[in-house]
Amino acid sequence: MSKPKVLVTRRWPEAVEAKLKELYDVTLNESDTPMTGAAMRQALLDYDAVCPTVSDKVDAAVLDVTNPRCKIMGSYGVGYSHIDTEAAKKAGIVVTNTPEVLSDCTADLAITLMLMAARRAGEGEREVRAGQWTGWRPTHMIGTKVSGGVFGVLGFGRIGREAAKRAHGGFGMKVIYFDPFPVKPELAAETKAEKRDTIEEVLREADVVSLHMPGGKENYHLINAERLKLMKPTAILVNTARGEVVDAKALSAALKAGTIKGAGLDVFEGEPKIDPSLFECENAVLLPHLGSATQSTREAMGWRVLENLQAFFAGQPPRDRVA
Ligand code: DGY
C-alpha cells in the first residue's frame, strides 16, 4: 500500500521531520516561506493530509474545494482560530490541534511578560545597550511590585491555570478569574482561585490581567477602550493568547495616557505586522510570538500532530480532534 501523502507548511523540529519522512510520502517546506492561499487550496486537492500552523490562514476561501483529497488537517499549535472549522467540516476535513504540551512554556512566557512589563526590563535593557545608563540612583526606572498582588486570569483553561500556578506559587499572588465555561472546583483550588462573574470584575480588581482565551470572532477586541478604562492605573495587561483579542490602538492610547501602567504582548492582530502605535509605547514589552518556543515544546507539538495523523490513518479517532 502506498504511503499517505502529507504536506507540512513550515519547517518543523528536525527529529519530527525525520520521523515524518519515515512514515509518509511527505513534502516539507525546506525554504520555510509562508504558503499562499492558492497553494494551500491546491494542497487540499493533492495531499491526504495537510499540516498547517498558526500563521497559515486557512479560511473559507481556501477551504472552498469540492472532493478534496485531504481528509485531515493536523494543525501544529493549540490555537485554531486560523482555520475556519465550519468550512473544514463542510469540506469533510477533520481538524486536530496540539493542546497540553505547550501549556507550561506559554505560561512561563506570560510570567516573563508580567515581570518585564512590571519591572520595566525592556526599557532598562534598551537604556543599557544605548550606553545611556548613568548609574544607580534611588529614583531610577521605578517599576511595580507584583509579589502579593492580584493576578486576574481571563480564560481559565490549561494555560491560564498554569500561569495562575506560577503567579500564586512563585509570587504569592491572589488569583481571580473569569471563564464563560464552568471550571472544576479542584482545578480552581490548586491556586485558591476565586471566580468572578464578569470580565469587568476581574479588570477592576486585578493588578495584572493575563489573557488566555481563544482568538477568532467571538473574542475579537474583547479588550477595548471601555474595558481598559476599568483597569487600575497601576495595572499590567499581558497577552499570550491571540492578538485580535486586544484592540491595539485602544491599548496604545491607554498606555500613553496612563490609563494602565504597562503591557506585555507576545501576539498581535495581523502578525507579523504590528500596529505602529505600539512602537511608540515605552511601557509596552513586545515579543515575536514566543510562547511555545522552546526545543522540547516545539518537538512535543510535532509529535502530537504525528500522533493525530497516525491514529487517523489507522482508522481511529485522533485524540485532538477539534472539527
Ligand atoms: C499556539 O499553539 O496556538 C501558539 O500560539 C503557538 O505555539
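Predicted, not measured: the structure shown is a model, and the values here were computed from it.

The rules behind each value
- Residues numbered from 1 in each chain as written.
- Predicted model: local features only at pLDDT ≥ 70, side-chain atom pairs only at ≥ 80, totals over all residues.
- Heavy atoms only, no water.
- Helix = DSSP H or I, 4+ residues; strand = E, 2+ residues; numbered from the N terminus.
- Rg over C-alpha atoms; globule rule 2.2 N^0.38 Å.
- Buried < 20%, exposed > 50% of the residue type's maximum accessible area, 1.4 Å probe, protein only.
- Contact = heavy atoms within 4.5 Å.
- Areas by Shrake-Rupley, 256 points an atom, 1.4 Å probe, with all protein chains shown as cover.
- Lys, Arg positive; Asp, Glu negative; His and termini not counted.
- Charge placed at Lys NZ, Arg CZ, Asp CG, Glu CD.
- Salt bridge = Lys/Arg side-chain N within 4 Å of Asp/Glu carboxyl O.
- Pairing = 2+ DSSP bridges.
- Right-handed = clockwise from strand over helix to strand, strands pointing away.
- Arc of directions from axis to C-beta.

Peer 1: I'm lost on the overall build of the protein chain in this one. Help?
Peer 2: Secondary structure summary: the protein chain contains 12 helices and 12 strands in total. Taken over C-alpha atoms, the radius of gyration comes to 21 Å for the protein chain, in line with the 20 Å a tight globule of 323 residues would show. On the principal axes, the C-alpha backbone points of the protein chain span a range of 70 × 50 × 35 Å. For the protein chain, buried positions account for 50% of its 323 residues. Long-range pairs, those at least 24 residues apart, make up 63% of the contacts in the protein chain with a sequence separation of at least 6. Here the protein chain has roughly 15,600 Å² of accessible surface; of this, 54% comes from carbon and sulfur atoms. Taking the average location of the 41 positive side-chain charges in the protein chain and that of its 42 negative ones, the two points are 2 Å from each other.

Peer 1: Looking at this model, I keep getting lost on the pattern of salt bridges. Mind explaining?
Peer 2: For the coordinates displayed, the defined rule picks out 29 salt bridges. For the salt bridge of aspartate 320 with arginine 304, the shortest nitrogen-to-oxygen distance reads 2.7 Å. A residue pair is termed long-range when its members are at least 10 positions apart, and aspartate 320 in the segment after helix H12 (295–313) and arginine 304 in helix H12 qualify at 16 residues. Note on accessibility: aspartate 320 and arginine 304 belong to one class, buried.

Peer 1: In this structure, what is going on with the pairing of strand S11 (residues 262–265)? I would like to understand it.
Peer 2: A two-sided burial pattern is seen for S11, the buried positions comprising Gly262 and Gly264 on one face and Ala263 and Leu265 on the other. When strand S10 (residues 236–239) meets S11, the two strands line up parallel, connected through 4 bridges. Opposite leucine 237, over in S11, you have alanine 263 as the bridge partner. Of the crossover connections in this fold, the one passing from S10 over helix H10 (residues 248–257) to the parallel S11 is right-handed. Two strands pair when backbone bridges link them, and S11 and strand S12 (residues 284–286) are joined in this way by 3 bridges, in the parallel orientation. Note that in S12 the partner of leucine 265 across the bridge is leucine 286.

Peer 1: Would you mind showing me how to read helix H2 (residues 37–46) here?
Peer 2: Residues lying three or four places apart along an α-helix face the same way, a consequence of the helix completing one turn every 3.6 residues. Listed in full, the buried residues belonging to H2 are Met40, Ala43 and Leu44. Seen from one end, H2 has its buried residues packed into an arc of 105°, which puts them on one side.

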